[in-house]
Amino acid sequence: METAEPTPHTRSTDHAPHTRPTGRDTTADGLPPDKPQLALELLVHGVGGATPAQMLGDPRIQRITGDDTAACYRRTEDADAEDRPDDFTGEPVREAYCWSNLTSGNGARALWLILVPFMVANLAHWMRPAAPADHKAQRIYDALVRVLALTLTVLLAAAACEVALDLTAWQCAGTTACAEDSSWMGFLSPDNGGWWSLPGRRLVLASLLPLLVVGFLWWLSHRTWSAYESASPPPRRPGSSRYTPAAERTALGLDGFWYGRRLVARLRAAHTAAGILTIAAALLAATAKADGGGWGVLAATGQALAAAVGLLAVATLVVVWRTARSEAAPDDESDRLVVRALPYAALGTLALIAVHASWARPGAHSHGPLPGAAAFGSIAVLQGVLVLALAVTAWVLQRAARDEERTALNGMGGPAVALLACAVGGVLSGGVAQRFADWIDGDATPGQVHAPIPGPPVLLSWQASVIPVLLVVVAVVAVLAGIRVIVVRGQVSRNVPGLYDPKERPDQRRTKRIAGTIARAGLTDAAPVLVAATAAVTLVLGAGAVAGAWVTDRAPGRATAHAAPVVHAAAQTAEALGSWLMGAGVILLIAMGRRAYRDHSARRTIGILWDVGTFWPRAAHPFAPPCYAERAVPDLTWRMATWTERFDGRLVISGHSQGSVLAAAAVWQLDLVTRSRVALLTYGCPLERLYGRWFPAFFGPPALTGLHREMDDWRNLWRFTDPIGGPIRLTCEDGRKIDEGPLRDPLAFGRTLQNPLPAQILGHGDYQADPVFERVRAELVARLGPAVPNQRHDVAGGPECGEPGPVLPPPQGSSGRSSA
């Protein structure tokens, strides 16, 4: 999606900085310096990563601070710059922060592909509308997302139980025809008469597989928790001049925002317990049918164990509901009682249930689907209710929000994304079950009349049947997007030649190529339409699938056997095609993970996906891929705070693409005194275009306005041809603006004396190649003076900034910056 930062070009001297004149005898504010002042330019790369040598334009580099995962580098000749500040009076010291290994450093991260539903659900937590901080509906919104995330863990555990307990141990191992075709499960067959041939014992043995899945997720979450959630921000003591009360800061400026150690630990314990209790409930459901109720010893024991499972389930739900983020200050409490007692209690209960299920029951046999398999329908209904409740809560919050005209989907982005997380979870779980059943059933088709086993729950077949319909809707939206690109390209083509020297000869092919790039870049702003269409169709089709499964209790093909031939044929086709599509989705993820483990380039591509999806802390689901920003933001904050304090210097933090988001988040974490001595340079920046629209509570206009007001200066470069970056849309009352652009891209229309070869359309990359970049960078460096911050402007903020200001409109007909 994004490219590595290119090697910076040689610095130009053709553009003088537009700032007050300075000299060796005065500072930028006209004050005599006590000593040579040092300036630092801290570079932060974007998605996809870049090597320090590429960022610094020199193969000779040296690590200054950090480790193999993330570190700051300089050119070897600049490593001791602080000891000789006289050598850097005209130029800042360049330092590169490289964080690419946080997301794409090794092949093991490719396994995170199976955690896509958890990651998407976690994003829904951060998409709430920008209502006032004290609005009561905010807590309800966050709690609903956490509960919805819990259902995804239950769904994963239930899917593992479906494969191991139902399809393998209950159906196939209990059927002679199926067990004979699978020699590896011969010792489980009732015809064998062995110790493991009893249904309860087969289920207990098979339960080890879903238990291993839950244990692996716990281990992975605990391992990444120790590496990511434990990086603390610089301390700020109450009462000092650098301390700002939490009530006066934006959310991203709170001390505990990037420190989720306690919260993730509590959620990890609760979700682990939920997964274990799901396995326990599956075992109890099978034994309850065999015991037949009544007041026998086994029946009474089963009822007591069921009560224990119910109590632990309620306790788990309470923990999840009450585990809200504590962001005002780093929360260092351990919560050992919850973190340790809850999973161990669930594991102990599962052990007792395993003993109870293993007890010999004369005449017990496995026939038909495993009792309790209908729970998939209950999970789907519960998820639908939670999504609807989340939508109502988001609507209430959106009504209380102010100045949020550009909010994506009018505040419904969170519910829509949450629904898609449930859909992806259902596809993955259903796809695994469908393909596994088809494999162990040999040449037969599970669930059909002459098949040896009943196969997966009917609901999974209905859910598979709606996938082709959903893909048709997505294809229609894609076709409409393509038509939109063609129309916009034709409209923009008329204006492209006017952006260049009129002496250059018009080139129709060149014009169409530039206009097409602009039109395609504008599709980013139409993403809410695709998300809304997909979510709406998913909700309707999902509800129809649940209703069809409950009413008919048959797969779509058999349920429509007596309908019109066209309807029956369509149902059979959708069922077969959807089943293969579900399985293909799972196989595709596995293939991508395997390739990424062996192929560095593929591993880097997958890392790019996580760079976009794992910026936010794990606030809703502890098994989601870890948040790299919980390491990167404290790293940058510590570096800026300690360097400016130790060397009394001035600093420009320069971020490209996702690096600009990390840079802004790190500046928010600085105290006001340090923040007012820092300038921010962003290019290819998605802060307003993507984050501001989809995460308005954290990156909306009020938050960005406050950031601009409280720091020394902020400049942003953008292009029409950039599909990711865009303008910030803010100006200050003194006339200073953030946005510099749109930059001309390509730099030259045709061949000239200065450009004998056709200039490349740069799009999202290589902003340093534009002369404007060097001019703006020089202005920021020259603006930063050595004086104490409150001698330049008020510590609380500098010149007042207004609301979002106007920005240069795109060429006529372009929708590259529409608010669709």
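Preceding this section is the structure that the text describes.
Residues numbered from 1 in each chain as written. Predicted model: local features only at pLDDT ≥ 70, side-chain atom pairs only at ≥ 80, totals over all residues. Heavy atoms only, no water.

**Student:** I'm lost on the overall build of the protein chain in this one. Help?
**Tutor:** Secondary structure assignment for the protein chain yields 27 helices and eight strands. For the protein chain, buried positions account for 56% of its 820 residues. In the protein chain, once contacts between residues fewer than 6 apart in sequence are set aside, the share between residues at least 24 apart is 81%. Total accessible area on the protein chain is roughly 34900 Å²; 61% of this is exposed by carbon and sulfur atoms. (Helix = DSSP H or I, 4+ residues; strand = E, 2+ residues; numbered from the N terminus. Buried < 20%, exposed > 50% of the residue type's maximum accessible area, 1.4 Å probe, protein only. Contact = heavy atoms within 4.5 Å. Areas by Shrake-Rupley, 256 points an atom, 1.4 Å probe, with all protein chains shown as cover.)

**Student:** I would appreciate a short explanation of the side chain of Ser 654 in the present structure.
**Tutor:** Here Ser 654 lies in strand 5 (residues 650-656). What Ser 654 contacts, discounting residues up to four positions off in sequence, is Glu 41, Leu 42, Leu 43, Val 44, Leu 681, Tyr 683 and Phe 773.

**Student:** Before we go on, may I ask you to explain a positive patch on the surface in this structure?
**Tutor:** Taken together, the side chains of Arg 489, Lys 512, Arg 513 and Arg 520 make up a positively charged region of the molecular surface. By the element assignment, Arg 520 lies in helix 15 (residues 508-521). (Patch = residues over 30% accessible without salt bridge, like charges linked within 9 Å, V, L, I, M, F, W, Y side chains within 5 Å. Salt bridge = Lys/Arg side-chain N within 4 Å of Asp/Glu carboxyl O. Lys, Arg positive; Asp, Glu negative; His and termini not counted. Charge placed at Lys NZ, Arg CZ, Asp CG, Glu CD.)

**Student:** I tried to follow the environment of Thr 407 on my own but got confused; where do I start?
**Tutor:** Here Thr 407 is to be found in the loop between helix 11 (375-400) and helix 12 (413-440). Owing to a relative accessible area of 8%, Thr 407 belongs among the buried residues under this scheme. In the structure, Thr 407 is positioned 283 residues away from Leu 690 in sequence and 9.8 Å away in space, judged by C-alpha atoms. Residues contacting Thr 407, with those up to four places away along its chain left out, are Gln 398, Arg 693 and Pro 696.

**Student:** Quick question: what am I supposed to make of unusual backbone geometry here?
**Tutor:** Glycine aside, a negative phi is what most residues show, and trans is what most peptide bonds show. For the bond running from Gly 741 to Pro 742, omega is 10°, close enough to zero to count as cis. The topology assignment puts Pro 742 in the loop between strand 8 (739-740) and helix 26 (771-783). The residue after Asp 745, namely Pro 746, is reached through a cis peptide bond having omega 0°. Positionally, Pro 746 belongs in the loop between strand 8 and helix 26. We note that Ser 657 has phi near 55°; this positive angle belongs to a residue other than glycine. Of note, Ser 657 is situated in the loop between strand 5 and helix 21 (658-669). Phi angles above zero are rare outside glycine, and Asp 766 is one such case at about 55°.

**Student:** What should I look at first to understand the pattern of salt bridges in this one?
**Tutor:** Two side chains carrying opposite charge are able to pair once their charged atoms lie near each other. This structure, assessed with the given rule, holds 28 salt bridges. Overlapping salt bridges, with partners in common, bring together Glu 41, Glu 91, Arg 94, Glu 774 and Arg 777 in one network.

**Student:** Help me understand the packing of aromatic side chains, please; the structure alone is not making it clear to me.
**Tutor:** One pair of aromatic rings is described through two measures. These are the centre distance and the angle between the planes. Under the defined criterion, the tally for this structure stands at 25 aromatic pairs. An angle of 70° between the planes, with centres 5.4 Å apart, marks the rings of Trp 258 and Phe 615 as edge-to-face. Taken together, the residues Trp 258 in the loop between helix 7 (208-228) and helix 8 (261-291) and Phe 615 in the loop between helix 19 (600-613) and helix 20 (629-647) connect sequence positions 357 residues apart. The two residues Trp 258 and Phe 615 agree in class, both being buried. Ring geometry for Trp 616 against Phe 699: centres 5.8 Å apart, planes inclined by 75°, an arrangement best described as edge-to-face. (Phe/Tyr/Trp six-rings, centres within 6.5 Å; stacked < 30°, edge-to-face > 60°.)

That's the geometry; what it means functionally is another story.
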